[in-house]
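Geometric and topological summary
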Amino acid sequence: MTAIKHALQRDIFTPNDERLLSIVNVCKAGKKKKNCFLCATVTTERPVQVKVVKVKKSDKGDFYKRQMAWELRDLTEVDAKDANKENPEFDLHFEKVYRWVASSTAEKNSFICCIWKLNQRYLRKKVEFVNVSAQLLEELPKAEESVPSSENQSVAGGDEDALDDYQELNTREEQDIEGMMEVCEYAISNAEAFAEKLSKELQVLDGANIQSIMASEKQVNILMQLLDEALTEVDTIEGKLSSYEEMLQSVKDQMDQISQSNRLIQISNSNNDKLLDEIQFLVNHMDLSRGHIRALQEGDLSSPKGIEACINASEALLQCMSVALRPGHDKLAAVKQQQMLFCELRDAFARRLTNHLNNVFVHQGHDQSSTLSQHTADLTLPKHSPLHRDLLRYAKLMEWLKNTQREKYDGLSRTYVDYMSRLYEREIKDFFEGAKIKMAGTTKEPKGKFATLPRKENALKQETESLHGSSGKLTGSTSSLNKLAVQGSSSRRSQSSSLLDMGNMSASDLDVADRTKFDKIFEQVLSELEPLCLAEQDFIIKFFKLQQQVPLAQAEVDDTDGGTSSRPPANEHRHSISSERDMVRFMMNKIFQSIETELNSLIALGDKMDSFHSLYMLVKMSHHVWTAENVDPASYLSTTLGNVLVTVKRNFDKCIQGQIRAMEEVKISKKSKVGILAFVTSFEEFAELAETIFRNAERRGDLDKAYSKLIRAVFFNVEKVANESQKTPRDVVMMENFHHIFSTLSRLKISCLESERREAKHKYTEHLQAYVITSLGQPLEKLNHFFEGVEARVAQGVREEEVSYQLAFSKQELRKVIKEYPGKEVKKGLDNLYKKVDKHLCEEESLLQVVWHSMQDEFIRQYKHFEGLIGRCYPGSGITMDFTIQDMLEYFSSIAQSH
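We now turn to the structure provided with this report. (Residues numbered from 1 in each chain as written. Predicted model: local features only at pLDDT ≥ 70, side-chain atom pairs only at ≥ 80, totals over all residues. Heavy atoms only, no water.)

When helices and strands are tallied, the chain shows 31 helices and 8 strands. Going through the 899 residues of the chain one by one, you find that 43% of them count as buried. Here the contacts in the chain between residues at least 6 apart in sequence split such that 74% fall between residues at least 24 apart. Summing over all exposed atoms, the chain offers an accessible surface of approximately 49,700 Å²; the carbon and sulfur share of this is 51%. (Helix = DSSP H or I, 4+ residues; strand = E, 2+ residues; numbered from the N terminus. Buried < 20%, exposed > 50% of the residue type's maximum accessible area, 1.4 Å probe, protein only. Contact = heavy atoms within 4.5 Å. Areas by Shrake-Rupley, 256 points an atom, 1.4 Å probe, with all protein chains shown as cover.)

Structure, rendered in structure tokens:
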């Protein structure tokens, strides 16, 4: 270990001007054995710095390297683990705890003892030693006590030398030794002579020192006398200092008392300031003026000035009651008294306000009922704007009541809803009764048989143009929206009765004027209802302070049934409603609970009068719902119109299904020709009317779906009737009706039926050709059979030039057959054919000339085919038909002109 210590001193610490005092071989506790050395060092220069250095042997050689160092002043505790038993483990507490295991207990004790000494000398016992043997720590003081006092100083002065067995010479000492060795060259060769010489010189020096001491005895005595005098003077000064200290102590006590008194005065002043602040806070925030108290107790709730005074007083009272008291305020008797006063004022004013508003509600319900008859005659609804204007003066008081007395606020809202629902129920019932009476007066008694739609094309266009002309005004107020919806819906319904009665292939004979009048009545109904609902909802929101929040996303009407969100049940208690928006909807549903029923009843009456009204209503109501949802999707008006739209959409769907059933149940006469089927004509009328009504409509998709269903039913039932027809050939029924359908779709240009239009054209062309071929047959039958035999021989392999050598197909046989078909016979046969076709075709479609022209083309085609066979199979024979193509054209033309 000594060799390691010397090597460390030489290689690591001497270059850094440090001296190694103690060393211990350690490894970290609980980890893999990796040995290192902990070294206690001090610097050679002042101020002295004491460190604990961790040194580790390099893995690549025998030299050592400095790994980590800690200042001894950073060491807080040394834990030896066990003071009684030998234990190599110990802990050093720096910024964190370092746990070590020494190679031996002796090395650990030696290292801890060195640390203890350095702590005693340089750190003044700052480091705490735990679980260290007392004997280990007492060895050094005992050793110091055993040394004489004269030598103790040298030991204390040379304590650093005693800490280490080896001390390296400094440069000056080396030079002195070298000088002395040079003077005594024989010192090395004769050490005894050198030592004897040194001893003699030392004795000479000692004698000189004794003589010097004896010579200076007198001066020493004088010095001792001076020291005695100095000690006496010191005692005198110490006495004076003691007396001064006693006086200063009394002064200090007095100053402490003064300081304590000043501190108590400051605390008292601070408490007084805080108390004043608390009192001012309570006075400023919990003091209600006499004027406000008088207004709350006796203020006139019927005059504008009285209402304003009550509003100001109620706001001041609410502010006083809602002040945030500081901790402890609620325990003050004055605060409790004031709070009781506030509660009494609040309760008394709430009762007075509730009674007054209840009387206003009751009085309004009785006054409005007196003017119902006049409004019913004019088909208008009474306006409630004066009541709303008067009640809105109490809006701030209602807000105060909502924040302070929720039960009375809820009671007032229930009272208002109760009385207003009765009033509106009477008004709306009488209003709709008047509307139904006027609507019923627009119709005429149905005649014995339904005629087809009597309206003229220009009249239809004029009516629908006036309908859609008003749609341009839809961007204005919501009342103009209602006007449009009523006009459109009533106009469509006036036309829809013909479609509903299509099972009988007839229509209603309502006049255009009657439908226009019905349209105006329905328009007036909606135009009266809309501002009424909007005004009432706006009043409820403002009066009862219900902030209705409109969602960002608009609710779209369902494509299938036009449905919107259903309203809450009428008997649902308002306290179960979670949001103020739901409360507005709940109150509106209670007040206007009869509107939807009355509207549905009115729609049923309109459908009964004329089922085509469903077309008009679908367009108008859809536009109403769309516009209402743009304004407020959650409003009562939007919800109610959406529910009514569901009914209108269902009526429209029933109308379409009724037409399909009527097509399926149609029966034709067995004795007369079929012609254009009635439901085909009715579909044309329906399409013309619908295209006019649904022009630029939002619900175009519903019409397209209805078109698709109807046209499929028309196609299917045309084929069904054609198969069942006995009087008229199947091809004629198919040809005429599909030609009519093709013409209708081509004229109306309905984009969703483009594929059906092409299909109708295909069927018409197909059955026209089939009818021509079937009816024309083989007008030159024997000649046709002859050439069929010629074609058969050619098909069997006989060359066309050699066919004339066949006995059955010789030139003579060909001439015989041709002679049987002179021009007169051919013309006679064509004339009979024309009459037959004329009997099959109907006059409405005017297809006779088309069919006749197609027959002419087919006949010419057969004629050219025969001539071609003669030219190829009988070349140079000079055989020709008795009539030419020009003769045939004259036959067809003369026959057509003669009829």
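All right, on to unusual backbone geometry then. Here the amide bond leading from Arg46 into Pro47 is cis, since omega sits at 0 degrees, within 30 degrees of zero. Structurally, Pro47 can be placed in the loop between strand 2 (36-43) and strand 3 (50-57). Of note in the backbone geometry, Lys81 takes a positive phi value of approximately 75 degrees without being a glycine. Mapped onto the secondary structure, Lys81 falls in the loop between strand 5 (77-79) and strand 6 (89-93). Positioned with a positive phi, Lys749 is a non-glycine residue whose angle comes to about 55 degrees. Tracing the backbone through its elements, the reader meets Lys749 in the loop between helix 25 (730-748) and helix 26 (754-776).

Next up on the list: the state of the cysteines. By the definition in use, this model includes 0 disulfides. Not engaged in a disulfide, the cysteine Cys39 finds its nearest cysteine sulfur in Cys36; these two sulfurs lie 9.3 Å apart. Judged by its relative accessible area of 0%, Cys39 falls in the buried class. (Disulfide = S-S within 2.5 Å.)

A separate point is the sheet that holds strand 6. Read across the open sheet, the 8 strands follow the order 4-3-2-1-7-6-5-8; overall the sheet is mixed. The strands lining the two open edges of the sheet, one partner per strand, are strand 4 (64-71) and strand 8 (128-130). In this sheet, adjacent strand axes meet at a mean angle of 30 degrees when their direction is disregarded. Summarising the sheet, strand 3 and strand 4 pair through 7 bridges and their orientation is antiparallel. Residue pairing for strand 4: Val55 is matched across the bridge by Arg66. Along the sheet, helix 1 (residues 2-13) makes contact with strand 1 (18-28), strand 2, strand 3 and strand 4, crossing strand 1 at roughly 115 degrees. Across the sheet, helix 2 (residues 105-123) touches strand 1, strand 2, strand 3, strand 5, strand 6, strand 7 (97-102) and strand 8, and the angle it forms with strand 1 is around 135 degrees. (Pairing = 2+ DSSP bridges. Axes fitted to C-alpha atoms, helices over the stretch in contact; angles between N-to-C directions.)

This paragraph deals with empty space enclosed by the protein. In the structure shown here, the tally under the stated rule is 2 cavities of 30 Å³ or more. For the largest cavity, the calculated volume is near 70 Å³. In terms of lining residues, the largest cavity is bounded by Leu526, Leu529, Glu530, Cys533, Ile595, Leu599, Tyr636, Leu637, Thr640 and Leu641. Mapped by element, the contributors of at least two residues to the lining of the largest cavity are helix 18 (512-543), helix 20 (595-609) and helix 22 (636-664). Residues belonging to the lining of the largest cavity are distributed by class as follows: 8 nonpolar, 1 polar and 1 charged. (1 Å grid on protein atoms, 1.4 Å probe; cavity = no way out; pocket = protein on both sides within 12 Å on 5 of 7 lines; lining within 4 Å. Points joined across faces, edges and corners; volume = space filled by probe spheres on them. Nonpolar A, V, L, I, M, F, W, Y, C, P; charged D, E, K, R; others polar.)

Here we take up helix 29 (residues 823-840). Between its first and last C-alpha, helix 29 extends 26 Å over 18 residues, near the 26 Å set by a 1.5 Å rise per residue. All of the buried residues along helix 29 are Gly823, Val826, Leu830, Leu833, Tyr834, Val837 and His840. Projection of helix 29 onto a plane perpendicular to its axis shows the buried side chains occupying an angular sector of 120 degrees, all on one side. Residues Lys824, Lys828 and Lys839 are exposed on helix 29 and point more than 90 degrees away from its buried face. (Expected span 1.5 Å × (residues − 1). Arc of directions from axis to C-beta.)

Two numbers describe how helix 29 lies on helix 31 (residues 885-898): the axes approach to 10 Å, and their chain directions differ by 40 degrees. Between helix 29 and helix 31, the interaxial angle falls into the category oblique. Note on packing geometry: the crossing formed by helix 29 with helix 31 is right-handed. Here Gly823, Val826, Lys827, Leu830, Asp831 and Tyr834 of helix 29 come into contact with helix 31, specifically with Tyr891, Phe892, Ser894, Ile895 and Ala896. Residues belonging to the contact of helix 29 with helix 31 are distributed by class as follows: 7 nonpolar, 2 polar and 2 charged. (Parallel < 35°, antiparallel > 145°, perpendicular 65-115°, else oblique. Left-handed = near helix turned anticlockwise from the far one by under 90°.)

Mapping Ser708 onto the fold places it in helix 24 (residues 700-724). According to the relative accessible area criterion, Ser708 is partly exposed, its value standing at 34%. Note: C-alpha distance between Ser708 and Leu753 (45 residues apart in sequence) is 7.2 Å.

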